[in-house]
Amino acid sequence: MRTEEEIREQYEFLAEQLESEEMRHEGVREMFTYYKRAIGWVLEEEYI
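Fair warning: this is a prediction, and the values are worked out from it, not measured in the lab.

K.L.:
I'm lost on the overall build of the protein in this one. Help?
P.N.:
Along the protein, the regular secondary structure elements total two helices and zero strands. Buried residues in the protein amount to 19% of all 48 residues. A separation threshold of at least 6 residues defines the contact pool for the protein, and within that pool the share at least 24 residues apart is 57%. A total of about 4100 Å² of accessible surface is found on the protein, and carbon and sulfur atoms cover 49% of it.

K.L.:
Just checking my understanding: could you explain a negative patch on the surface for this structure?
P.N.:
Taken together, the side chains of Glu5, Glu6, Glu9, Glu12 and Glu16 define an acidic patch exposed on the protein surface. Among the secondary structure elements, Glu6 is positioned in helix α1 (residues 4-19).

K.L.:
I keep staring at the pattern of salt bridges and nothing clicks. Help me out?
P.N.:
Pairing of side chains with opposite charge becomes possible as their charged atoms draw close. Using the criterion set out here, one finds one salt bridge in the structure. The closest approach of N and O atoms between Arg8 and Glu4, which form a salt bridge, is 2.8 Å. Residue Arg8 and its partner Glu4 are both found in helix α1; the two are separated by four residues, about one turn of the helix. The partly exposed category is assigned to Glu4, whose relative accessible area is 29%.

Cut-offs applied
Residues numbered from 1 in each chain as written. Predicted model: local features only at pLDDT ≥ 70, side-chain atom pairs only at ≥ 80, totals over all residues. Heavy atoms only, no water. Helix = DSSP H or I, 4+ residues; strand = E, 2+ residues; numbered from the N terminus. Buried < 20%, exposed > 50% of the residue type's maximum accessible area, 1.4 Å probe, protein only. Contact = heavy atoms within 4.5 Å. Areas by Shrake-Rupley, 256 points an atom, 1.4 Å probe, with all protein chains shown as cover. Patch = residues over 30% accessible without salt bridge, like charges linked within 9 Å, V, L, I, M, F, W, Y side chains within 5 Å. Salt bridge = Lys/Arg side-chain N within 4 Å of Asp/Glu carboxyl O. Lys, Arg positive; Asp, Glu negative; His and termini not counted. Charge placed at Lys NZ, Arg CZ, Asp CG, Glu CD.

Laid out in structure tokens, this is it:
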């Protein structure tokens, strides 16, 4: 299982990617939104 730090790094990376100007295609933005949400849920359940 990944450490909390690894999960947080991945979450921050996805959040940055989602905000990027290159992420204009709605399907891609939607996919990253789902991943970002799922990683947030994992953080809440495992570490909070």
